Every structure is written in C-alpha cells, then in structure tokens.
Amino acid sequence: QVLAELSPLGAAGSAAAATAGAPVMVQVECDAGGAERLTRVVEVVIEAQGPVLQDVFHRGAEGSGGDLVATGYVPGFAETLVARGDELDLGIFRG
C-alpha cells in the first residue's frame, strides 16, 4: 500500500499494473534521518538472454529536488493497460 502511494503511477495505477501481471520492482532506501524514500522503479523484461531490468523512474539528484523522474522508457504493461481500457496518461513516462 505505502509503495503504491509513493509510486509515480499512484495507488490506482500501481494496482492496475499489478492486475496486468506487470513484473515491476521498486527500490527503497533510507535517508540519513531514517525516512524511507522510493528511489527507483524498474520493469523486468524477459529477453532471450535472460531477464533485463529497464529503468522506468529514478530519483533525481538532491540538488534538483530529488524527485522521481521518468527515464523515457514506456513499460510494456502501460500499453496493455491502455489497450484494455484502463485510464493511464502515457506522458508520465516521457520525462
């Protein structure tokens, strides 16, 4: 629940991705004060040579506010969600 709320996809988008069978992983790190921060969202893509991690979002540099930024990669599950009629703004993936 907490990770879904921190995700750039939002809670509804994260839940929809999960129901689409999306192989998504998140990385959470603790800052100096002990607060947890979502630092990376990746899609696991299965290729002939094995699984590959494709960055979808990553934490920007601290000097830039440290917000999650899109890498420009549009994950496969996004188009699956749109094709089945789920509402998803694909623009969130195009930093």
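Residues numbered from 1 in each chain as written. Predicted model: local features only at pLDDT ≥ 70, side-chain atom pairs only at ≥ 80, totals over all residues. Heavy atoms only, no water.

**Details of the overall build of the protein**
Reasoning step 1: In terms of helices and strands, the protein carries three helices and four strands.
Reasoning step 2: Counting from the amino terminus, the protein carries its helices and strands in the arrangement α-α-β-β-β-β-α.
Reasoning step 3: By residue count, 27% of the 95 residues in the protein fall in the buried class.
Reasoning step 4: When contacts within the protein are restricted to residue pairs at least 6 apart in sequence, long-range pairs at least 24 apart make up 29% of them.
Reasoning step 5: Only carbon and sulfur atoms are counted for the fraction: they give 53% of the accessible area of the protein, which is about 5700 Å². (Helix = DSSP H or I, 4+ residues; strand = E, 2+ residues; numbered from the N terminus. Buried < 20%, exposed > 50% of the residue type's maximum accessible area, 1.4 Å probe, protein only. Contact = heavy atoms within 4.5 Å. Areas by Shrake-Rupley, 256 points an atom, 1.4 Å probe, with all protein chains shown as cover.)

**Structural notes on the confidence of the model for the protein**
Reasoning step 1: When pLDDT is averaged along the protein, the result is 77; 71% of the residues meet or exceed 70.
Reasoning step 2: A low-confidence stretch, residues 1-6 (pLDDT under 50), is modelled with seven contacts involving residues beyond four sequence positions or located in other chains. (pLDDT = per-residue confidence, 0-100.)

**A few points about helix H3 (residues 76-83)**
Reasoning step 1: Among the residues of H3, Phe77, Ala78 and Leu81 are the ones counted as buried. Here the buried residues of H3 occupy an arc of 105° about the axis, which is enough to place them on one side. For H3, exposure combined with an orientation more than 90 degrees from the buried face picks out Glu79 and Ala83. (Arc of directions from axis to C-beta.)

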